Amino acid sequence: MAIATELLKILVCPKCKGSLQYQSKEDALRCAKCALLYPIREGIPDMSEEEAFEIGKGGELMSKAAKAPTAIFKIKEGPNQGESLKLPLDTCRAIGRSLDDVNKTEIFNMEPTVALDDFTKKLVLNYLSKKRGKSDKVASTTDHTFGNFKRLSDLVLNDPAISRLHAMIFYDASGAGVLDLVSRNGTFVNGQEVESRSLKEGDLIEIGATKIAFSMSN
């Protein structure tokens, strides 16, 4: 689907602020300076650096994210109703509440990643080992990576019933999943409280007063 010429004139690469070129073969916008390709989905350019993929010297695509479907989490009920979150392949996000006054009005928000304590890191690593069917530990663990997973900015909701670090959502080649981070009020999938759960199309995650529907993009 070609992009409108008027829109192409005003869009710039979010990384270098340079101009972009439309690539009909990939249906994407290319930044020659950064060698990045930003995918267009349903006629809308996705200008997130997290979903952009690198173009190799031979023109090959260096990221799986642009070729793979995207995991979509849409808030159906709660203070942030109507907002949605996309999770590219091999990424994860923590979901929680702001440390600021929980009674003030906030909009759907992203914050830098909150440091995880050793217990929470161990909890995440145990989940990933089971998710991938491995008994060995996941290597290269930091606050921003868990093995092959890149941890993106936290999803902060204006819901006083959820914990500061309530749950974490994951998406890789084996599918999407959710892990409760020993939250105060628990994490539920389709009305059932879970410690962790692989997600299927149409599943409903419930944390506090917030309900989040899971689906996959085409």
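Bear in mind the structure is a predicted one, so any value in this text is a computation, not a measurement.

Here is what the cut-offs are and how they apply
Residues numbered from 1 in each chain as written. Predicted model: local features only at pLDDT ≥ 70, side-chain atom pairs only at ≥ 80, totals over all residues. Heavy atoms only, no water. Helix = DSSP H or I, 4+ residues; strand = E, 2+ residues; numbered from the N terminus. Buried < 20%, exposed > 50% of the residue type's maximum accessible area, 1.4 Å probe, protein only. Contact = heavy atoms within 4.5 Å. Areas by Shrake-Rupley, 256 points an atom, 1.4 Å probe, with all protein chains shown as cover. Pairing = 2+ DSSP bridges. Axes fitted to C-alpha atoms, helices over the stretch in contact; angles between N-to-C directions. Phe/Tyr/Trp six-rings, centres within 6.5 Å; stacked < 30°, edge-to-face > 60°. Disulfide = S-S within 2.5 Å. pLDDT = per-residue confidence, 0-100.

### A few points about the overall build of the protein
Thought 1: Check the secondary structure of the protein and you find two helices and 19 strands.
Thought 2: Taking all 218 residues of the protein together, the buried fraction comes to 45%.
Thought 3: Expressed as a percentage of contacts within the protein between residues at least 6 apart in sequence, the contacts between residues at least 24 apart total 51%.
Thought 4: Just so you have it, the protein exposes about 11,700 Å², and 50% of that area is on carbon and sulfur atoms.

### Points about the sheet that holds strand β18 (residues 204–207)
Picture the strands of a sheet paired through backbone hydrogen bonds; they go either parallel or antiparallel.
Thought 1: Taken in spatial order, the six strands of this open sheet run β7-β6-β19-β18-β15-β16, and their pairing is antiparallel. The strands lining the two open edges of the sheet, one partner per strand, are β7 (84–87) and β16 (192–194). Within this sheet the neighbouring strands show an average axis-to-axis angle of 30°, counted without direction.
Thought 2: Pairing of strand β6 (residues 71–77) with β7 involves four bridges; the strand directions are antiparallel. By the bridge assignment for β7, A71 is matched with L87.

### Side note on the environment of K86
Thought 1: Mapped onto the elements, K86 comes out in strand β7.
Thought 2: Residue classification places K86 among the partly exposed positions, given a relative accessible area of 38%.
Thought 3: Along the chain, K86 and K74 lie twelve residues apart, while their C-alpha atoms are 8.7 Å from each other.
Thought 4: Apart from the residues within four sequence positions on either side, K86 is in contact with D46, E51, T70, A71, I72 and R93.

### Some thoughts on the pairing of strand β19 (residues 210–216)
Side-chain positions along a regular strand alternate between the two faces of the sheet.
Thought 1: Bridge count between β6 and β19: six bridges; the pairing is antiparallel. Bridge assignment links K74 to a residue of β19, and that residue is A213.
Thought 2: With four bridges connecting them, β18 and β19 associate as antiparallel partners. Within β19, the residue paired with L204 across the bridge is A213.
Thought 3: Hairpin geometry of β18 and β19 is characterised by an intervening segment of two residues between the two adjacent antiparallel strands and by a positive phi of about 60° at G208.

### Let's talk about the packing of aromatic side chains
Thought 1: Within this structure, the stated rule accounts for three aromatic pairs.
Thought 2: Ring centres of F73 and F214 lie 5.4 Å apart, and the angle between their planes is 45°; this geometry places the pair in the tilted category. Here the residue F73 occupies a position in strand β6, and F214 occupies one in strand β19, the gap between them amounting to 141 residues.
Thought 3: The exposure class of F73 is buried, given its relative accessible area of 3%.
Thought 4: Geometrically, the ring pair formed by Y127 and F170 is tilted, given 5.0 Å between the ring centres and 40° between the ring planes. Residue Y127 is found in helix α2 (residues 118–131), and its partner F170 is found in strand β13 (residues 167–172); the two are separated by 43 residues along the sequence. The two residues Y127 and F170 agree in class, both being buried.
Thought 5: What links up through ring pairs into an aromatic cluster is the set Y127, F149 and F170.

### Points about the state of the cysteines
Thought 1: The final tally for this structure, using the stated rule, is zero disulfides.
Thought 2: Not part of a disulfide, C13 finds its nearest cysteine sulfur in C31, a span of 3.7 Å.
Thought 3: The class for C13 is buried, based on a relative accessible area of 0%.

### Remarks on the confidence of the model for the protein
Thought 1: Of the residues in the protein, 77% reach a pLDDT of 70 or more, and the chain-wide mean stands at 80.
Thought 2: Across residues 101–110, confidence stays below pLDDT 50; counting only partners more than four residues off in sequence or on other chains, it has 27 contacts.

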